[in-house]
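# Coordinate analysis (summary)
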Amino acid sequence: MKALLKCVPAAFLVIFGFLLLTANVQAQDEATTFVYTNDNNDNTPNTVTAFSVEPGGALIPVPGSPFMTKGTGFGLGFSGSHRVTATITRDFLYAANEGSNDIGAFSIDPTSGFLTPVPGMPFATRGSGAGGISLAATPNGMFLYAGNFFSKNISAFRIGPHGELTPLAGSPFPIGDSPTGMKVTPNGKFLAAALPVHDSVAMFTISPSGALGSVTGSPFPAGDSGQSMDVDINCTSNLLFDTKFAAGTTVSVFTINSNGALSLDPTFTFTPANGAGNGSEVGVLSPDNQHLFVSNQFSNTITSLDVASGGSLSAETNSPFLNSKGSSPTGMSTNPEGTLLYVANSVPIGLVTGFHINGDGGLSSVMGSPFLTQGNGTGVLESLTVFPSEPVGGEGDEFGNDGHKGHFKFEANNKCAVSGEMEFAEPDTGEKMRGRVDAVNVVMNAALISGSGTLLDGTPLHYTALVVGNAPVIGANNFTISWVTSTGSTFRTSGALTDGYIVVHP
């Protein structure tokens, strides 16, 4: 913190210091979190159920839910496929329609959670997803990928300014195998896909245009210890965790090199005899990457694993944890703070179970769990997602005290700062920067973000931004940024938002 403050302009310290001094006496608006499920209604109009997360973790339906995807579900498929996803830096939600082979698209109201259909939806994948369509978006919100299980290919789309999807040239990209769980590395360079038929993981490069190219050596064998079903990747993009359909909770761990190639580390199996689960098709890392949660479909349990710095795994005390009042747990997601875990249940149809995550990765049920979705009761619930997925993020416009309108977009994780990005531009002055996040400090509804980047012409710079968010009135949120370039030039602006949002979670 001291090293960071040395680089912060004095005006920033005054504002940030005031927030620190008043933190105990002033109530601040809390950021709102939402849970969305793909109800996967069987050969009938598909829906997304939307929940708001209440204090304590209970879920209540968002007014207007469920929301029609304008396509049809399939009702059954592989649990590892991520059928619903939200972009990190842009407030869009996408839901796969496996029955009609297309994608429903929505804009998310970050205050209410209400979903508004994107004009032109649904968007055809031009593939066949019988068995699963798995969705993965790039961290910058520019591209969306859909893995089509039956047709053995991946559809690739550019995400437009209003959330519309435009197929990329060459899409869908053939991969010669059936993908299930997919994930883009947090650095945005690679796409990973689990391939259960041959127990392997495919890796693809992502070009600046979004096109996919196979990494040399891909697909990479995953140890013949089960069937690869899902993948998650740590925030520094150098470790991949592959959860498997197997007897016992089974996870293969890979290291990722700078070219995207995988090297298999030991495979960890926690057998039922040792108190673990059975099935283990879905895995999700905690936001701080200290724990890996694995859902065990056939033993109705959640295994909690401690993750060491090199990726080795060990079972948490008292793990696995019973999926109380649910059955056959499948897709999972945590809240941005890493204090809550939500789990889709395929039996009985349409239930979401909620858990508190304690400091060492232990789980305990949320009061009121399970929570009933609003599908038509014909589908098998296998996927859900939480929005926002990053603790600090925003996109919008501000009118600065320099008299100019600026546009910003950023996402920052105070639990893993190096995974974030910052962009800012003033169209009428030509000022424009883009950079990475090196440090994040959060106090209540304010975040101090700093990092390095470049101007439009490539000149290196160091920036500091102060964002104040969570206010329901747009103009009550504020964005401030300043930078110093390698040539000594400086820039600073600060202003209230005129459009968009800023979300700050502790």
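On a predicted model such as this, the values are computed, not experimentally measured, just so you know. (Residues numbered from 1 in each chain as written. Predicted model: local features only at pLDDT ≥ 70, side-chain atom pairs only at ≥ 80, totals over all residues. Heavy atoms only, no water.)

Regarding its fold elements, the protein presents two helices and 43 strands. Radius of gyration (C-alpha) of the protein: 22 Å, near the 23 Å computed for a compact globule of 506 residues. Dimensions of the protein, computed from C-alpha atoms along their principal axes, come out at roughly 60 × 50 × 45 Å. Looking at the protein residue by residue over its 506 residues, the buried ones come to 59%. Taking the contacts inside the protein whose residues are at least 6 apart along the sequence as the reference set, 52% of them involve residues at least 24 apart. On the protein, roughly 18,100 Å² of surface is accessible, and the fraction owed to carbon and sulfur atoms is 58%. (Helix = DSSP H or I, 4+ residues; strand = E, 2+ residues; numbered from the N terminus. Rg over C-alpha atoms; globule rule 2.2 N^0.38 Å. Buried < 20%, exposed > 50% of the residue type's maximum accessible area, 1.4 Å probe, protein only. Contact = heavy atoms within 4.5 Å. Areas by Shrake-Rupley, 256 points an atom, 1.4 Å probe, with all protein chains shown as cover.)

Strand direction decides the pairing type here: strand 39 (residues 439–443) and strand 40 (residues 446–455), joined by five bridges, are antiparallel. Bridged to N441 within strand 40 is L448. In this antiparallel pair of consecutive strands, strand 39 and strand 40, the connection spans two residues, and M444 shows a positive phi of 55°. (Pairing = 2+ DSSP bridges.)

The share of residues in the protein with pLDDT of 70 or more is 91%, and the mean pLDDT across the chain is 88. Here helix 1 (residues 2–6) is the element of the protein with the lowest mean pLDDT, 38, and strand 9 (residues 123–124) is the one with the highest, 98. Low pLDDT (under 50) marks residues 18–29, which in the prediction has 12 contacts with non-local residues, meaning those over four places away or in another chain. (pLDDT = per-residue confidence, 0-100.)

This part covers the nonpolar core. Among the nonpolar cores identified, the biggest contains 30 residues, and Y36, L93 and Y94 are the most heavily contacted of them. Mapped onto this core, the elements with two or more residues apiece are strand 1 (34–38), strand 2 (45–53), strand 5 (84–86), strand 6 (92–97), strand 7 (102–108), strand 10 (133–137), strand 11 (143–148) and strand 12 (153–159). By residue number, the principal contributor to this core is strand 6, which donates five residues. Among residues more than four places away in sequence, those in contact with Y36 are V48, T49, A50, V84, L93, I108, G113, L115, S383, L384, T385 and F387. Formed by 23 residues, the second largest nonpolar core is a distinct cluster that contains V392, F424, I449 and V504. (Core = buried A, V, L, I, M, F, W, Y, C linked by side-chain atoms within 4.5 Å.)

Sheet analysis places strand 37 (residues 421–426) next to strand 38 (residues 431–436), joined by six bridges and oriented antiparallel. Opposite F424, over in strand 38, you have M433 as the bridge partner. Adjacent in sequence and paired antiparallel, strand 37 and strand 38 are bridged by four residues, among which G430 carries a positive phi angle near 85°. Where strand 38 meets strand 40, three bridges bridge the pair, whose relative direction is antiparallel. Bridging across to strand 40, G435 finds its partner in G453.

Looking now at unusual backbone geometry. Following S218, the chain continues into P219 via a peptide bond in cis, with omega recorded as 0°. A cis geometry characterises the amide bond from S319 onward to P320, with omega recorded as 10°. Here P320 is to be found in the loop between strand 27 (313–315) and strand 28 (321–322). Residue S328 is not a glycine yet carries a positive backbone phi of 55°. Mapped onto the elements of the fold, S328 is located in the loop between strand 28 and strand 29 (329–334). When its relative accessible area of 15% is taken as the criterion, S328 is described as buried.

Moving on, we come to the pattern of salt bridges. Counted according to the given criterion, the structure contains eight salt bridges. Here E98 and R83 are joined by a salt bridge, their closest N and O atoms 2.2 Å apart. Taken together, the residues span a long stretch of sequence, with E98 in the loop between strand 6 and strand 7 and R83 in the loop between strand 4 (67–72) and strand 5 at a distance of 15 residues. Judged by relative accessible area, which is 2%, E98 ranks as buried. Owing to a relative accessible area of 1%, R83 belongs among the buried residues under this scheme. D242 is paired through a salt bridge with K244; the nearest N and O atoms lie 2.8 Å apart. Residue class for K244 comes out buried when judged on its relative accessible area of 0%. Overlapping salt bridges bring together R83, E98 and E382 as one network. (Salt bridge = Lys/Arg side-chain N within 4 Å of Asp/Glu carboxyl O.)

The next thing to look at is the environment of A124. Note on placement: A124 falls in strand 9. What A124 contacts, discounting residues up to four positions off in sequence, is N101, D102 and F157.

Moving on to the sheet that holds strand 21 (residues 239–245). As summarised here, the arrangement of the four strands in space is 20-21-22-23, forming an open sheet in which the pairing is antiparallel. The open sheet terminates on both sides in strands that have one partner only, identified here as strand 20 (227–233) and strand 23 (262–270). On average, each strand axis in the sheet is inclined to that of its neighbour by 25°, with strand direction left out of account. Examined bridge by bridge, strand 20 and strand 21 share six bridges and lie antiparallel to one another. The residue bridging Q227 from the neighbouring strand is F245, located in strand 21. (Axes fitted to C-alpha atoms, helices over the stretch in contact; angles between N-to-C directions.)

Another aspect to go through is the packing of aromatic side chains. When we look at a pair of aromatic rings, we describe it by the centre distance and by the angle of the planes. Inspection of the entire model under this criterion finds 11 aromatic pairs. For the ring pair F424 and F491, a centre distance of 6.0 Å and an interplane angle of 45° mean the geometry is tilted. With a gap of 67 residues between them, F424 in strand 37 and F491 in strand 43 (residues 490–504) connect regions that are remote in the sequence. Owing to a relative accessible area of 1%, F424 belongs among the buried residues under this scheme. Centre to centre, the rings of W483 and F491 are 4.4 Å apart; their planes meet at 25°, and the pair counts as stacked. Since its relative accessible area comes to 3%, W483 is described here as buried. Every member of this aromatic cluster is reached through a ring pair, and the members are F408, F410, F424, F479, W483 and F491. (Phe/Tyr/Trp six-rings, centres within 6.5 Å; stacked < 30°, edge-to-face > 60°.)

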